[in-house]
Amino acid sequence: MALYSRSGRPRPQSGGFELAAWYFMRLSGVALFVLALTHFSLQHFLSDPKDQTANWIFTEAWNSVFRRGLDWLMLVFVLLHGFLGMRTVTMDYLKGGKRTLVLSVLYLVGAAVFAMGTIVVFTVKLPGA
Amino acid sequence: MLFRYRGSEGMVAWAFHRISGIAIFAFVLLHVFDIFLAGASPNAYDDLLKFYASTLGRMMEVLIGAALFYHALNGIRILLMDFWPRLTVYHKQIWYANWVIFIGVGLPGAFIIMRPALGL
Amino acid sequence: MDVNLRILRYNPEGDAAPHWETYQVAVDPMDRVLDLLIKVKAEQDGSLSFRRSCGHGICGSDAMLINGRNRLACRIRVDQLGKKISVAPLPGLPVVKDLIVEMSGFFGKYRTVKPYLINDQPEPERERRQSPGDRARFDDTTKCILCAACTSSCPSFWARPEYVGPAAIVQAHRFIFDSRDEGAAERLEILADENGVWRCRTIFNCVDACPRGINITRAILEVSSAIVGRRG
Amino acid sequence: MDHPFDAIVVGAGGAGLWAALELAREGVNTAVLTKLYPTRSHTGTAQGGVCAALGNLEEDHWEWHMFDTVKGGDYLVDQDAAEILAREAIETVIELEHMGLPFNRTPDGKIDQRRFGGHTSNYGEGPVRRACFAADRTGHMILQTLYQQCIKHGVKFFDEFQVVDLLFEGDPAKGGRAAGVVAHRLADGQLHTFRAKAVLLSTGGFGRMFRITSNAHSLTGDGVALCYRHGIPIQDMEFFQFHPTGIVGIGILLSEAARGEGGTLLNDKGERFMSNYAPKLMELAPRDMVSRAMYQEIRAGRGIGGKDYLYLDVRHLGRKVIEEKLPDITDFARIYQGVEPLKEPVPVQPTAHYAMGGIPTNVFSEVVRDDKGTVVPGLFAAGECACVSVHGANRLGTNSLVDLLVFGRRAGRQMARYAGKVERPQPIADAVEPVRAELEAIRGREASGESVAVIRKELQDVMMDNVGVYRDATLLTAALAKVKELEARNQKVAIADRGSVFNTELLEAQELGYLLDLAHVTVSAALARTESRGAHSREDFPERDDKKWLKHSLAFQGKDGPTLRYKDVSITRFQPKPRTY
Ligand SMILES: Cc1cc2nc3c(=O)[nH]c(=O)nc-3n(C[C@H](O)[C@H](O)[C@H](O)COP(=O)(O)OP(=O)(O)OC[C@H]3O[C@@H](n4cnc5c(N)ncnc54)[C@H](O)[C@@H]3O)c2cc1C
Ligand code: HEM
Ligand code: SF4
Ligand code: F3S
Ligand code: FES
């Protein structure tokens, strides 16, 4: 049975990975608009880098599960969004072997960065805990 | 071709979006790394922080903030058109509106970031 | 008035690579670039080759890169360009000779989107009815003359020549939004492919280049919206 | 290279594409050859509309349409053909709609119709809405729609293959049959032979013999001239239509649709001068009359600022009508004249537009080679290059598109029938040699000869100035001498391009030869016809002379120029009457 879009035209059953990626870029964009801009403002306008020592991070910034959760969420979105974006850029300008190489490196780095970020967010003890 | 073709607003908007995306991406990698450092080696992190708080560091923060802000605003422009295609008629106007917001919010922002470096 | 006309020449039977040649041409400000090319061919070098037919912007033969933008040579006047004019073949398509590019790839892509009415219902005795509103829905995209100015101005197409390109999507749009057509699902399936609508990065070079003033980006986004299933 | 097919269509305008579509539907192995990409054909420039007595907005009947066609053509129309045209217009337009053509619509969803010059209700009472249209790009939509259908039906196209010779088994003037064509592939300059049982010529018009024309650069009468060179006569060449509203100096057309929607023509004094020439139909009188009226105004010193043009005024139609129904035309005025039609009247002057004459055919689009209707087996012609003759001495606006549809379709059907009956011709030894020699001679000639551009320009000038809207013996005699002189000079025409890839200069030289042949015939036939009828206006013979001249001319190629013969006009329903509007 044909699905109908709101425009009244029958639409295909699926668009595959590209559709998902396209949609996700947009959804994560909206999410990031809030998350990343808030994050940047908090870091730069409500406080100042000169005070943001490691200690400050754990005692002030990350002393609630909520703030940590938020930043982790941002990490997830930023990485997926950024990597999908970089994938597009790479595929636009590189062909064949080079493309495969760069994409592989990107994915590896992505996994590593995701791991690093997640480890910090979850392993650093909450001061109150 | 990219450099020979005289595209107008739309092409410039795209080029900036792409460049800013790549720049933020690079920064994000760095940023996750430094936060990781904060957990793994707080002292090393605090050294790095000194650089962030220096004048040069602040200038880079302004740049990265500008990139993020531009990218965010233009991202919304793209989103608006994606979901309401008839807005494409006004794509140039939206772009200029973005610049107004960019300057209006960005200049004070940059000032706040730079203030300690300017000794104010 | 004299203009300085630079043309990117290429003779496949002699030149290793394209090279610029400069011509001084006496013109009227209301002359079009096509007139200049015809003049150069008549008076200075008969071997200059370019496509042309109708001479008034409706057949789509003479799209080329004029002062850095894709234009129909027969639709752009000297007074819109100034005294220095440069003309090169359409970017992103293989050059055959002088200003002539290989178009078979372009038309091949056009064919892939099933650019024809699909409706297997028995035909009525008289015309199928269509309300003026339904007719207006796809009016813009019926104007396309397949000149390739849009596709060859698109940075996304330059980067990935596999991209079906704005022209093919415009042609698909013309049928997808025609109330008499029943092939929308097939076409959307084709355009949902990785080389379909997702390759558009809303750069708008296509819209700037289109000699028919079609809002191509809007058409593309309407198609992607139809695929995503939101609105059109 | 030899390509065997069952049918070949030369030219991918409206006529050729519809024929190809019919052939494809019948399963005939067909090739379409065109010197342009199909969608570049000049059919795409037709703006105003295509007439069919659908009666969607007001009462209309095909008989009225037939009458208007006959009267519009100043009774030189073959009425059996005109009857077919008017009847089948209706079904072909409906079929186009079924193929997907996006016609403008009436509020209740039917095909919208507008008024057009010379189309009247009840045998001449007043203007009628008969022209079906898609904004002012009807021809564009017809061309696109037919091309789309050809793609759908898998028609085989040979794009940018310019036909440079026709092949026959035996002498076509003595009963030989068509055997195929020779084509020059632009991409590499190779000559290819295409062999087939049935060959259709639909190569369009030849307005490029005039300086100011609405016609494409590619409209050089190739098919017509090739027939002529093979001993097939060409018919009614003295009748060439000048469209009243061309853009001053360049001839780009501002469609009659502008007047159909209510645009008016004004002289220097701001008067609607058509009231003095055609009080009933005013601006919507047939084109020959309007063009003559304009010339008379200009001669009387009432051109704008005393110059050689007048005004087309659409300002009063309002922005909505102009932008919705005449967008392209307005755009042309803006771009090519720098005039804003919403605010200013547009300067216009008559422009060479349409060839009523061409390759003579019968109502099955079969080419005939004499005054008795003897068919050249396997050779067909349709579209502007053919002369059935439904347009007689003057074509009505929109009737050319109808002609393409009706007789293109008939050509396809008849070709399919014919191809089913006969064997494919054998390859002809050295088939390409004559043209190869001809082309090599041009290409090999020392560059010291005259250029194509110079000779073409002189031809266009003399045709425009001496063989235009008004003609007389003095002008025509001078033109004849000039054309002969140019023919002689053309023997030594030389080109700079020695290459084989897209040697467009070589082909332009070849095309110039076609234009010269056709100009020669046009002038000779015009000189011979000592009357005024339709588009042929002799100031030294201002009256129509039915006793002597109610007949078609047929020009055969002779040693030094054409020999003229004549054939009768078929008259069925409407006896010739004086023509007033
Ligand atoms: C500006 C303008 C507006 C018009 N408006 C109207 C209108 O509103 N209504 C109306 O009824 N009529 C109108 N006409 C007239 C009508 O459009 C034409 O008469 C008609 O389109 C001719 O169609 P065709 O199929 O015969 O040829 P064309 O469409 O001219 O096609 C000719 C084809 O032949 C090919 N060809 C030519 N020579 C060769 C060769 N040697 N080898 C291979 N291929 C060749 C070309 O490539 C092309 O494909 C208009 C004409 C003009 C110029
Ligand atoms: C702040 C809010 C953000 C919004 C609203 C946003 C929005 C978008 C959108 C809509 C696209 C798709 C563009 C297209 O398809 O043409 C995109 C691309 C991209 N984004 Fe973001 N983005 C944001 C933040 C980020 C961040 C933080 C990064 C860095 C990791 C980033 C990196 C990229 C990259 C690399 C691309 C690909 C660029 C391209 O294809 O040209 N974005 N962004
Ligand atoms: S959409 Fe416009 S630019 Fe693109 S091919 Fe069609 S007419 Fe040309
Ligand atoms: S230029 Fe290309 S990216 Fe999209 S808006 Fe036009 S197709
Ligand atoms: S020559 Fe036809 S579009 Fe320019």
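Residues numbered from 1 in each chain as written. Chains lettered and ligands numbered in written order. Predicted model: local features only at pLDDT ≥ 70, side-chain atom pairs only at ≥ 80, totals over all residues. Heavy atoms only, no water.

Enquirer: Tell me about the overall build of chain D, and name the residues and values.
Expert: Scanning chain D for helices and strands turns up 15 helices and 24 strands. Taken against the 2.2 N^0.38 rule, which gives 25 Å for 581 residues, the C-alpha radius of gyration of chain D at 22 Å falls within 12% of a compact globule. In the form shown here, chain D has an accessible surface area of approximately 17600 Å², with 49% of it arising from carbon and sulfur atoms. Distance between charge centroids for chain D: 1 Å, based on 70 positive and 76 negative side chains. (Helix = DSSP H or I, 4+ residues; strand = E, 2+ residues; numbered from the N terminus. Rg over C-alpha atoms; globule rule 2.2 N^0.38 Å. Areas by Shrake-Rupley, 256 points an atom, 1.4 Å probe, with all protein chains shown as cover. Lys, Arg positive; Asp, Glu negative; His and termini not counted. Charge placed at Lys NZ, Arg CZ, Asp CG, Glu CD.)

Enquirer: Could you give me a rundown of the state of the cysteines, with the residues and numbers involved?
Expert: All names here are of chain D. All chains considered together, the criterion is met by zero disulfides over all chains. Take Cys150: it sits in no disulfide, and the sulfur closest to it among the cysteines is that of Cys385, at 17 Å. Since its relative accessible area comes to 0%, Cys150 is described here as buried. (Disulfide = S-S within 2.5 Å. Buried < 20%, exposed > 50% of the residue type's maximum accessible area, 1.4 Å probe, protein only.)

Enquirer: Requested: an account of the interface of chain C and chain B, with residues and values cited.
Expert: In this assembly, 26 residues from chain C lie in contact with 23 residues from chain B. Taking both partners together, chain C and chain B bury about 2100 Å²; carbon and sulfur atoms supply 59% of that area. Area buried by chain C at its contact with chain B is led by Arg69(C), Trp158(C) and Phe204(C), which between them contribute 23% of it. Across the contact surface, chain C and chain B share zero salt bridges. Of all the secondary structure elements, the ones that give two or more residues to the side of chain C that touches chain B are β4 (69-72), α4 (155-159), α7 (205-209) and α8 (216-228) of chain C. Here the element with the most residues in the side of chain C that touches chain B is α8(C); it accounts for five residues. Taken together, the residues of the side of chain C that touches chain B sort by class into ten nonpolar, nine polar and seven charged. (Contact = heavy atoms within 4.5 Å. Buried area = accessible area lost by both parts, 1.4 Å probe. Salt bridge = Lys/Arg side-chain N within 4 Å of Asp/Glu carboxyl O. Nonpolar A, V, L, I, M, F, W, Y, C, P; charged D, E, K, R; others polar.)

Enquirer: Hey, could you go over the sheet that holds strand β10 (residues 191-195) of chain D for me, with residue numbers and the actual values?
Expert: Residues and elements named next belong to chain D. In spatial order, the strands read β1-β10-β9-β8; together these four strands make up an open sheet with mixed pairing. Each edge of the sheet is formed by a strand with only one pairing partner; in this case those strands are β1 (2-4) and β8 (161-169). Between one strand axis and the next, the sheet turns through 25° on average, direction left out of account. (Pairing = 2+ DSSP bridges. Axes fitted to C-alpha atoms, helices over the stretch in contact; angles between N-to-C directions.)

Enquirer: Could you give an account of the site of ligand 4, with specific residues and numbers?
Expert: Taken together, Cys154(C), Tyr163(C), Pro166(C), Cys200(C), Arg201(C), Thr202(C), Ile203(C), Phe204(C), Asn205(C), Cys206(C), Thr217(C) and Ile220(C) make up the full set of residues adjacent to ligand 4. Going through the elements one at a time, α7 and α8 of chain C are the ones with two or more residues in the shell around ligand 4. (Near = heavy atom within 4 Å.)

Enquirer: How would you explain the layout of surface pockets if you had to name every residue and give the values?
Expert: There is about 900 Å³ of room inside the second largest pocket. Lining the second largest pocket are 32 residues; nearest its centre among them are Asp139(C), Asp140(C), Lys143(C), Arg137(D) and Glu323(D). At the level of elements, α3 (132-136) and α8 of chain C together with α8 (318-325) and α9 (327-337) of chain D are the ones that each hand at least two residues to the lining of the second largest pocket. Considering each element in turn, the lining of the second largest pocket owes the most residues, five residues, to α9(D). In terms of residue class, the lining of the second largest pocket is built from eight nonpolar, six polar and 18 charged. (1 Å grid on protein atoms, 1.4 Å probe; cavity = no way out; pocket = protein on both sides within 12 Å on 5 of 7 lines; lining within 4 Å. Points joined across faces, edges and corners; volume = space filled by probe spheres on them.)

Enquirer: Tell me about the coordination of the iron atom of ligand 2, and name the residues and values.
Expert: Expected angles at a metal are 109.5 degrees for tetrahedral coordination by four donors and either 90 or 180 degrees for octahedral coordination by six donors. Distances from the iron atom of ligand 2 to its protein donors, namely His81(A) (NE2) and His71(B) (NE2), fall within the range 2.0 Å. Around the iron atom of ligand 2, the six donor atoms are arranged such that angles at the metal cover 86 to 179°; this shape is classified as octahedral. Of this pair, His81(A) sits in helix α3 (residues 65-93) while His71(B) is found in helix α3 (residues 55-83), placing the two residues in two different chains. Pair check on accessibility: His81(A) and His71(B) agree, each one buried. (Donors = N, O, S within 2.8 Å, 3.2 Å for Na, K, Ca; no water. Tetrahedral: all angles 85-135°; square planar, octahedral: opposite > 155°, others 65-115°.)

Enquirer: So what's going on with the site of ligand 1? Residues and values would help.
Expert: Residues and elements named next belong to chain D. The local shell around ligand 1 holds 39 residues, among which Ser41, Thr43, Asp222, Glu384 and Leu401 are the closest. Between a nitrogen atom of ligand 1 and a main-chain N or O atom of Gln47, the distance comes to 3.4 Å. In this structure, Thr398 approaches ligand 1 through a main-chain N or O atom, which is 2.9 Å from an oxygen atom. Expressed as a share of its isolated accessible area of 1000 Å², the protein-covered part of ligand 1 is 98%. In this structure the site holding ligand 1 corresponds to the second largest cavity. For the shell around ligand 1, the element with the highest residue contribution is helix α10 (residues 399-419), accounting for four residues. Taken together, the residues of the shell around ligand 1 break down into 13 nonpolar, 22 polar and four charged. (Polar contact = N/O pair within 3.5 Å; in protein donor to acceptor, adjacent residues only side chain to side chain. Sits in = over half its atoms within 2 Å of the grid points.)

Enquirer: Kindly report on the packing of aromatic side chains, identifying the contributing residues and their values.
Expert: Evaluation of the coordinates by the stated rule reveals 41 aromatic pairs over all chains. Between the aromatic rings of Phe51(B) and Tyr52(B), the centroid separation amounts to 6.3 Å while the plane-to-plane angle is 50°, which identifies the pairing as tilted. Accessibility expressed as a relative area gives 35% for Phe51(B), which makes it partly exposed. Considering the side-chain rings of Phe158(D) and Phe194(D), the 4.8 Å spacing of their centres and the 75° angle between planes classify their relative orientation as edge-to-face. A residue pair is termed long-range when its members are at least 10 positions apart, and Phe158(D) in strand β7 (residues 156-159) and Phe194(D) in strand β10 qualify at 36 residues. Using a relative accessible area of 11% as the deciding quantity, one classes Phe158(D) as buried. Three or more aromatic residues joined by ring pairs form one cluster here, namely Phe16(B), Phe69(B), Tyr70(B), Trp95(B), Tyr96(B), Trp99(B) and Phe102(B). (Phe/Tyr/Trp six-rings, centres within 6.5 Å; stacked < 30°, edge-to-face > 60°.)

Enquirer: Residues and numbers for the domain arrangement of chain D, please.
Expert: Residue and element names in this part refer to chain D. Annotation of chain D at the domain level lists domain 1 (245-353) and domain 2 (433-539). Carbon and sulfur atoms supply 54% of the area buried between domain 1 and domain 2, which totals about 630 Å² over both sides. Summed over the shared surface of domain 1 and domain 2, the number is one salt bridge. A salt bridge links Glu539 to Arg299; the nearest nitrogen and oxygen atoms lie 2.7 Å apart. There are four residue pairs in polar contact (both at pLDDT 80 or more) connecting domain 1 and domain 2. Sorting elements by how many residues they give to the side of domain 1 that touches domain 2 places helix α7 (residues 287-302) first, with six residues. The residue inventory of the side of domain 1 that touches domain 2, partitioned by class, reads two nonpolar, two polar and three charged. (Domains from an automatic or database assignment.)

Enquirer: Could you give an account of the pairing of strand β24 (residues 561-568) of chain D, with specific residues and numbers?
Expert: Residue and element names in this part refer to chain D. By the bridge criterion, eight bridges tie strand β23 (residues 551-558) to β24 in an arrangement that is antiparallel. From the neighbouring strand, Lys551 faces β24, where its bridge partner is Asp568. From the end of β23 to the start of β24, which pair antiparallel, there are two residues.

Enquirer: Tell me what's going on with the interface of chain C and chain D, and back it up with residues and numbers.
Expert: At the junction of the two partners, chain C supplies 64 residues and chain D supplies 64 residues. Taken over both partners, the interface formed by chain C and chain D buries close to 5200 Å², and the fraction arising from carbon and sulfur atoms is 50%. Joining chain C to chain D, the criterion identifies seven salt bridges. The closest approach of N and O atoms between Asp139(C) and Arg137(D), which form a salt bridge, is 3.1 Å. Linking chain C with chain D are 41 residue pairs in polar contact (both at pLDDT 80 or more), by the criterion used here. Those elements giving two or more residues to the side of chain C that touches chain D turn out to be α1 (33-43), β6 (95-97), α2 (104-112), α3 and α5 (165-176) of chain C. Counted by class, the side of chain C that touches chain D contains 28 nonpolar, 14 polar and 22 charged residues.

Enquirer: Explain the domain arrangement of chain C to me, and be specific about the residues and the numbers.
Expert: All names here are of chain C. Assigned domains within chain C: domain 1 (2-101) and domain 2 (104-231). The distance between the C-alpha centroids of domain 1 and domain 2 comes to 29 Å. Taken residue by residue, the interface counts 13 residues in domain 1 and 13 residues in domain 2. Regarding the contact of domain 1 and domain 2, the summed buried area is about 980 Å², with carbon and sulfur atoms giving 61% of it. Linking domain 1 with domain 2 are zero salt bridges. Our count for the contact surface shared by domain 1 and domain 2 stands at three residue pairs in polar contact (both at pLDDT 80 or more).

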